[in-house]
Amino acid sequence: MKISIPHRFYSLDLIRGLAALSVVFWHWQHFFYDGVTAGVYNVQNQPFYALFFVLYQRGWLAVDFFFSLSGFIFFWLYVGAIAERRVGAWHFFILRFSRLYPLHIATFVFVLIAQHWTFERTGNYFVYPYNDLYHAFLNIFMASNWGLEKGWAFNAPIWSVSVEILLYAIFFMACLLCRMRLPAVLALITVGLFMLEIQPTLGRGLFSFFVGGLTFIIYRHVCSGNALPKTFIGVASMTALLWLAAILEIRFEWFYPRLEDALRSLLVSDWYPYVPEIMRRATPLILTGLLFPLTILSLALAETLRGHLGRRLAPIGNISYSSYLLHFPLQLMLFILVGLTGKGNTFFYSEASMLAFFGMLIPICLVSYYYFEYPAQRSIRTFLLP
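All values reported here derive from a predicted model rather than from experimental measurement.

Participant: Quick question: what am I supposed to make of the overall build of the protein here?
Facilitator: Looking only at helices and strands, the protein features 13 helices and zero strands. Taken from N to C terminus, the helices and strands of the protein fall in the order α-α-α-α-α-α-α-α-α-α-α-α-α. Since a compact globule built from 386 residues should have a radius of gyration of about 21 Å, the 22 Å found for the protein is in line with a globular shape. Viewed in the frame of its principal axes, the protein has a C-alpha envelope of about 65 × 65 × 40 Å. Here the protein holds 386 residues, and the buried ones make up 48% of them. In the protein, of all internal contacts separated by at least 6 residues, the share reaching a separation of at least 24 is 78%. For the protein, the exposed area adds up to about 19,500 Å²; of that, 68% sits on carbon and sulfur atoms.

Participant: What am I meant to see in the environment of F252 here?
Facilitator: Within the secondary structure, F252 is located in helix α9 (residues 228-252). For the pair F252 and G59, spaced 193 residues apart in sequence, the C-alpha separation works out to 17 Å.

Participant: Even after reading the chapter, I still don't get the nonpolar core, so can you show me in this structure?
Facilitator: Judged by nonpolar contacts, the single largest core of 93 residues is most densely connected at F75, F171, M180 and F210. In terms of residues, this core owes the most to one element, helix α3 (residues 62-83), which gives 15 residues. Discounting chain neighbours no more than four positions away, the residues touching F171 are F74, F75, Y78, V79, I82, F92, M180, F209 and F210. Within the second largest apolar cluster, 14 residues are counted, among which are V111, A114, V127 and A153.

Participant: When you look at the environment of A20 in this model, what are you seeing that I'm missing?
Facilitator: Mapped onto the elements of the fold, A20 is located in helix α1 (residues 10-26). Excluding anything up to four places from it in sequence, A20 contacts F66, S320 and S323.

Participant: Quick question: what am I supposed to make of helix α4 (residues 89-122) here?
Facilitator: Helical geometry note: an α-helix holds 3.6 residues per turn, so side chains three or four residues apart project in the same direction. Look at α4: 46 Å from first C-alpha to last across 34 residues, which is about the 50 Å you get at 1.5 Å a residue. The largest bend in α4 is about 35°, located at F97.

Participant: For this particular structure, what's the right way to read helix α8 (residues 200-223)?
Facilitator: Over its 24 residues, α8 extends 34 Å from the first C-alpha to the last, a length consistent with the 34 Å expected when each residue adds 1.5 Å. α8 sits mainly inside the fold: 19 of its 24 residues count as buried.

Participant: Can you walk me through the side chain of Q331 in this structure?
Facilitator: Examined against the element boundaries, Q331 turns out to sit in helix α12 (residues 320-341). A polar atom in the side chain of Q331 sits 2.9 Å from the backbone oxygen of H27. With residues up to four places along the chain from it excluded, the contact list for Q331 reads H27, W28, H30, F31, F126 and F357.

Participant: Help me out: how do you make sense of the packing of α1 against helix α13 (residues 351-384) in this one?
Facilitator: Think of two packed helices as two axes; the pair is described by the angle between the axes and how far apart they sit. At a minimum axis distance of 12 Å, the contact between α1 and α13 shows a crossing angle of 145°. When you trace α1 past α13, the crossing you get is right-handed. For the pair α1 and α13, contact is made by L21, V24 and F25 and by M354, F357, F358 and L361, respectively. Here the contact of α1 with α13 is composed, by residue class, of seven nonpolar, no polar and no charged.

Participant: What exactly am I supposed to notice about the packing of aromatic side chains here?
Facilitator: Two numbers describe a pair of aromatic rings. These are the distance of the centres and the angle of the planes. Taken as a whole and judged by the stated rule, the model has 48 aromatic pairs. Taken together, a centroid distance of 6.1 Å and an interplanar angle of 80° make the contact between F31 and F357 edge-to-face. With F31 in the loop between α1 and α2 (49-58) and F357 in helix α13, this residue pair connects regions lying 326 residues apart in the sequence. The exposure classification of F31 matches that of F357, with both residues buried. Seen in terms of ring centroids, F97 and Y101 are 4.9 Å apart; in terms of plane orientation they differ by 15°. Their pairing is stacked.

Participant: What is the right way to look at the side chain of R99 in this model?
Facilitator: Residue placement: R99 occurs in helix α4. Using a relative accessible area of 17% as the deciding quantity, one classes R99 as buried. A polar contact of 2.9 Å, which involves the side chain of R99, links it to the side chain of E373.

Participant: Please clarify how the pattern of salt bridges should be interpreted in this entry.
Facilitator: As a working rule, side chains carrying opposite charge can pair if their charged atoms are close by. Counted by the stated rule, this structure contains five salt bridges. Here D13 makes a salt bridge to R8, at a shortest N to O gap of 2.6 Å. Classification of R8 by relative accessible area gives partly exposed; the value is 36%. A salt bridge links R99 to E373; the shortest N-O distance between them is 2.9 Å. With a gap of 274 residues between them, R99 in helix α4 and E373 in helix α13 connect regions that are remote in the sequence.

Participant: Looking at this structure, how should I read the environment of A50?
Facilitator: Assignment of secondary structure puts A50 in helix α2. For A50, a relative accessible area of 72% corresponds to the exposed category. Considered as a pair, A50 and L291 are 241 residues apart in the sequence and their alpha carbons are 23 Å apart.

Rules behind the numbers
Residues numbered from 1 in each chain as written. Predicted model: local features only at pLDDT ≥ 70, side-chain atom pairs only at ≥ 80, totals over all residues. Heavy atoms only, no water. Helix = DSSP H or I, 4+ residues; strand = E, 2+ residues; numbered from the N terminus. Rg over C-alpha atoms; globule rule 2.2 N^0.38 Å. Buried < 20%, exposed > 50% of the residue type's maximum accessible area, 1.4 Å probe, protein only. Contact = heavy atoms within 4.5 Å. Areas by Shrake-Rupley, 256 points an atom, 1.4 Å probe, with all protein chains shown as cover. Core = buried A, V, L, I, M, F, W, Y, C linked by side-chain atoms within 4.5 Å. Expected span 1.5 Å × (residues − 1). Bend = angle between axes of the 7 residues up to and from the residue. Polar contact = N/O pair within 3.5 Å; in protein donor to acceptor, adjacent residues only side chain to side chain. Axes fitted to C-alpha atoms, helices over the stretch in contact; angles between N-to-C directions. Left-handed = near helix turned anticlockwise from the far one by under 90°. Nonpolar A, V, L, I, M, F, W, Y, C, P; charged D, E, K, R; others polar. Phe/Tyr/Trp six-rings, centres within 6.5 Å; stacked < 30°, edge-to-face > 60°. Salt bridge = Lys/Arg side-chain N within 4 Å of Asp/Glu carboxyl O.

Pasting the structure below:
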């Protein structure tokens, strides 16, 4: 018997919000920069390291999780609507523009002013160096990371949103031309793999986004059959084991060194120098191409079976975009304030500094969403859409 797909995946809202907040741990190293140069600091002395070591070590991969989650959600919401011409190009553009642009332009202007003040006072920028007119132009048009840039600029975490803009265009055209059939999805995943060598940021987005789309196709197929409970148990078990293995490996680094030694013993000597590079490239792909999609699939299947999984905590997803875009401006503001008080950056090793940071960030994000982002989104859609 075919099972109905939920009208909303609350669990995916929740995990999206948590993933956005996890990026803060990866970017905590910003506080130890010397201008735009990465400073020397003790990773293990960062706040709550024993609890959040995975995020301090691999938090940058949360962006790839966002890409996969976006792919799953867009395949769920838009493939049929676009292919059947119920959602046109203008409608689709305004839906995305109204959600993404207001906060982007607001944080861009804030960082522009704050970075200019920092440069005037210290002779250097904070973390991201290319805060010039050319990169301002790219940021205004959300093209900051299309391969036209010279480096990181302004509110640089916007890079993933910039890549998503291109992904939306590719997605829309593919829906119109081939209704996102499985061969087309597999072809785009393959292109993403090749793009990792040519344009890594776009390659990461393309690969993970359409892996997320493939995950939705698998999910829909499972829902159309009669084995959903058994499939869920299998997928959830595999997901849990992979997460456990990944966490243990990040903590103890036991498996990969031995696998590298095994590969060296199996390969001819001419291939020895390439083993570390092969391992370096394969590791993120195991997470982004297998673990992340399985996590999304597990949650979607669980919510389909149980209904309303994580509903009470789902509003955390509302602040995912604001926490992602506002954490660097808040870091910049705190850097300025700490500099004015004369305290050194060793303050940011303290647990109190992180508690204070999140104590400011989350309320700011809530205010941003409910009193700026959502009203701006609604006004733009009311004005520009019939």
